[in-house]
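Topology and contacts: notes
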Amino acid sequence: MFCFQCQQTAGNKCCVKVGVCGKQPDTANLQDDLIYELIRLSEVVSEKESNTNTDRMVIDGLFITLTNVNFDNSRIKNFTEEVREEIKQLGNLNEIPVIDLWKGETDIVSLRSTLLFGMKGTAAYAHHCKNLGFEDREVTNWFYKGLREINREHSIEEWLSLIMEFGQINLKCMEKLDEANTKSFGTPVPVKVNTDIKKGPFIVISGHDLHDLKMLLEQTQDKGINVYTHGEMLPAHGYPELKKYSHLAGNFGTAWQSQQKEFENIPAPVIFTTNCLMPYRDNYKDRIYNTNVVGYEGLKYIEAKENGYKDFTPVINHALELGGYKQDQSMSGINGGHILTTGFGHGTVLANAPAIIDAVKSGAIKHFFLVGGCDGANPGRNYYTDFVKQTPMDTIVLTLACGKFRFNDLDLGEIGGFPRIMDMGQCNDAYSAIKVALALADAFQCSVYELPLTLVLSWYEQKAVCILLTLLSLGIKRMYLGPTLPAFLSETVVKVLIDTYDLQPITSPEQDLDAILGRG
Ligand code: SF4
Ligand code: SF3
């Protein structure tokens, strides 16, 4: 196996014996086989010939290989077989040569990998759009194009320009997902979310798929079952069409890397709609259900019908059987038992733009930080907690994605009625942050990087990669990135990012804050 696509890769170089994520060598090789077949498929599919089935294959196929999504060899094999059949159907049975992804000149492997990994992240967002019946055709077509380009020789300059073009495609995809989510569930509003568990049966739902949550809420209504979000599902509470269900009772637990501990003793089933799934522990194995492209041999799976409908009856019956807690349960051992807030998407923030602009002009708000991205097990990630704790009282912290669980229970107070920490949503809601930044730049008649705004990013998997590429393609400079730089970026590529975009690897919160705020 050869895998270096995520932040926890072995020795910050590459997983070769077994994945730090638990991915076994045979699974890694099957995932590579799938990518090779998707490249072949893209070679035989001209834009005219693509159809809903091939679209599903490139989008879901890429998503299957994203970190912490699918460990199930037989499902990956079956999916690959379907792709092979489709290639045959399209009439081209000749062997289509495919490049060896991981071999070649270091900088070229690095750039090729950067594009491929970014595309995996975008595929996840396109998948959610599709589940809600939305699509941006330009984005879908680009998956074929990107996979074909991965199979070609390019100079460093050509790769960089392809990667920047892709960054704009991912922006379009996040924009479409924002449209899909808000048209389906309304514009998010700020909400307070309970983190204690009420007595009685309950279900925990994790991952990013709001459509799954909606179906679950409908099917659990009036059944005496409460539903709790987990991880990246927390921002669902802000959407009017989801929060209207009174049995959407709160949020359970923290970010993904704590699941093996947090799921151990809960008397309830858990549904994974997307990453990040970890190899299970036996003490909760029978309580985990997967759906969409998520898979793990031995775990239960909820299939979608032709029309996308899912029947969650097995999970519902399981919740009723387990019965939940006998008494209301304080979860203070897990997440401090705090009230969390979310729902500060671009709709809410921009509705308050005049007040925010005045606060900046009067000096009440001196700086904005966007501290966002993935969480993970790396001890260096304490940086983000310490950074947020040390931000001065006259600054605002915007956040998104699962990295926020490191600090979203902190009470940092308010400035002029605005909480100092505002959760903009899931990782794909980076689109909201971009929209707000562009609007502020417009109001102050400057470019985004001249704003009193600094992006402090944490990355783990490939969705963070596509978002980073979008931010770079927008010309956003001087972003801070950690906890480590991606192992797949070669020295030359890192140098380009530092020279062209002034990208800053994180150091210590004190040192970085001094540099950002011009102190010391
Ligand atoms: Fe290693 Fe990450 Fe690949 Fe898992 S996904 S095998 S941890 S690089
Ligand atoms: Fe988290 Fe896995 Fe990246 Fe959508 S759930 S952000 S790590």
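The name that an unreviewed UniProt entry assigns to the protein is Hydroxylamine reductase, with the source organism given as Anaeromicropila populeti. Turning to the protein, the UniProt record has this under Catalytic activity (unreviewed entry): "A + NH4(+) + H2O = hydroxylamine + AH2 + H(+)". According to its UniProt record, the protein has this under Subcellular location (unreviewed entry): "Cytoplasm".

**Regarding the sheet that holds strand β3 (residues 226-230)**
Ordered by their spatial adjacency, six strands build an open sheet running β4-β3-β2-β5-β6-β7, and the pairing between neighbours is parallel. Taken across any chain shown, the strands that pair with only one partner, and hence form the sheet edges, are β4 (248-251) and β7 (300-302). Averaged over neighbouring strand pairs, the angle between their axes works out to 30° when direction is ignored. Pairing analysis gives three bridges linking β3 to β4, with the strands arranged parallel. Residue pairing for β4: threonine 229 is matched across the bridge by asparagine 251. Sheet strands touched by helix α7 (residues 210-220): β2 (202-206), β3, β4, β5 (270-272) and β6 (288-291). Its angle to β2, the strand with the most contacts, is close to 170°.

**Describing the pairing of β2**
Summarising burial for β2: five of the five residues are buried, a large majority. Residues Phe202, Val204 and Ser206 of β2 are buried on one face, and the alternating residues Ile203 and Ile205, pointing to the opposite face, are buried as well. As defined by bridge partners, β2 adjoins β3 across five bridges and the pair is classed as parallel. Bridge assignment links serine 206 to a residue of β3, and that residue is histidine 230. One crossover worth recording links β2 to the parallel β3 by way of α7, and it is right-handed.

**Focus: the site of ligand 1**
Contacts to ligand 1 come from 13 residues, most closely from Cys3, Cys6, Cys15, Cys21 and Thr67. Residue classes in the shell around ligand 1 are distributed as seven nonpolar, five polar and one charged.

**As for the site of ligand 2**
Taken together, the neighbourhood of ligand 2 is formed by His208, Glu232, Trp256, Asn275, Cys276, Cys374, Ala401, Cys402, Cys427, Tyr460 and Glu461. Partitioned by chemical class, the residues of the shell around ligand 2 number seven nonpolar, two polar and two charged. Mapping the shell around ligand 2 onto the domain boundaries places at least three of its residues in each of domain 2 (191-322) and domain 3 (343-517).

**What about the pairing of strand β10 (residues 395-400)?**
Most of β10 is tucked away, with six of its six residues classed as buried. Of the two faces of β10, the one lined by Thr395, Val397 and Thr399 and the one lined by Ile396, Leu398 and Leu400 are each fully buried. Handedness of the crossover is the feature at issue here: the chain leaves strand β9 (residues 367-373), passes through helix α14 (residues 382-390), returns alongside β10, and the resulting connection is right-handed. Bridge count for β10 against strand β13 (residues 421-423) is three bridges, and the pairing is parallel. Looking at the pairing, leucine 398 lines up with methionine 422 of β13.

**A word on the domain arrangement of the protein**
Domain parsing of the protein yields domain 1 (10-184), domain 2 (191-322) and domain 3 (343-517). On a C-alpha basis, the centres of domain 2 and domain 3 stand 29 Å from each other. Contacts between domain 2 and domain 3 engage 19 residues on the former and 19 residues on the latter. In this assembly, domain 2 packs against domain 3 so that about 1300 Å² is buried in total across both faces, 59% of it on carbon and sulfur atoms. Of all residues in domain 2, Glu232, Pro235 and Trp256 give up the largest surface area on contact with domain 3, accounting jointly for 38% of the area buried on that side. In this structure, the connection of domain 2 to domain 3 is made through zero salt bridges. Where domain 2 touches domain 3, the interface holds nine residue pairs in polar contact (both at pLDDT 80 or more). Of the residues belonging to the side of domain 2 that touches domain 3, the class tally is eight nonpolar, ten polar and one charged.

**Some points on the UniProt feature "binding site: [4Fe-4S] cluster" (unreviewed entry) in the protein**
Here, UniProt's "binding site: [4Fe-4S] cluster" (unreviewed entry) annotation points to Cys3, Cys6, Cys15 and Cys21. Look at the named residues: they lie 19 residues apart in sequence, but the longest C-alpha span between them is just 10.6 Å, so in the fold they bunch up. By the secondary structure assignment, cysteine 3 is in the segment before α1 (25-44). When sequence neighbours within four positions are dropped, the list of residues in contact with cysteine 3 reads Thr9, Cys14, Cys15 and Lys23. By the element assignment, cysteine 6 lies in the segment before α1. Judged by its relative accessible area of 8%, cysteine 6 is buried.

Reading the values: rules and limits
Residue numbers here run from 1 along each chain, matching the order of that chain's written sequence. Chain labels run from A onward and ligand labels from 1 onward, assigned in the order the entries are written. Residue-level local features of this predicted model are given only where pLDDT is at least 70; pairs of side-chain atoms are given and counted only at 80 or more, and the full residue set underlies all totals for whole chains, interfaces and linings. Remark: hydrogens and water are excluded; side-chain values derive from all non-hydrogen atoms of the structure. UniProt positions are given in the numbering used here, feature names are shortened, and annotations may be inferred rather than shown by experiment. Any two strands with at least two DSSP bridges between them are considered paired. Each helix corresponds to a stretch of at least 4 residues labelled H or I by DSSP, and each strand to a stretch of at least 2 residues labelled E; elements are numbered beginning at the N terminus. Helix axes use the C-alpha atoms of the stretch in contact, all axes being lines fitted to C-alpha atoms, and the angles between their N-to-C directions lie in the range 0 to 180 degrees. Only heavy atoms matter for contacts: two residues are in contact if any of them lie within 4.5 Å across the pair. For the exposure calls, accessible area comes from a 1.4 Å probe over protein chains only, and a residue counts as buried if that area is under 20% of its type's maximum, exposed if over 50%, partly exposed in between. The handedness rule is simple: strands pointing away from the viewer, and a clockwise path from the first strand over the helix to the second, make the crossover right-handed. Definition of nearness: a residue and a molecule or strand are near each other if at least one heavy atom of the residue lies within 4 Å of the molecule or strand. Residue classes follow a fixed rule: Ala, Val, Leu, Ile, Met, Phe, Trp, Tyr, Cys and Pro count as nonpolar, while Asp, Glu, Lys and Arg count as charged, and any other residue, Gly among them, counts as polar. Residue ranges for the domains originate in an automatic or database domain assignment. When two parts are brought into contact, each loses some accessible area as probed by a 1.4 Å sphere; the total of that loss over both is the buried area. Any carboxyl oxygen of Asp or Glu that lies within 4 Å of a side-chain nitrogen of Lys or Arg is treated as forming a salt bridge with it. For this analysis, a polar contact is any N or O atom pair within 3.5 Å, provided that within protein one partner can donate a hydrogen and the other can accept it, and provided that sequence-adjacent residues contribute only side-chain to side-chain pairs.

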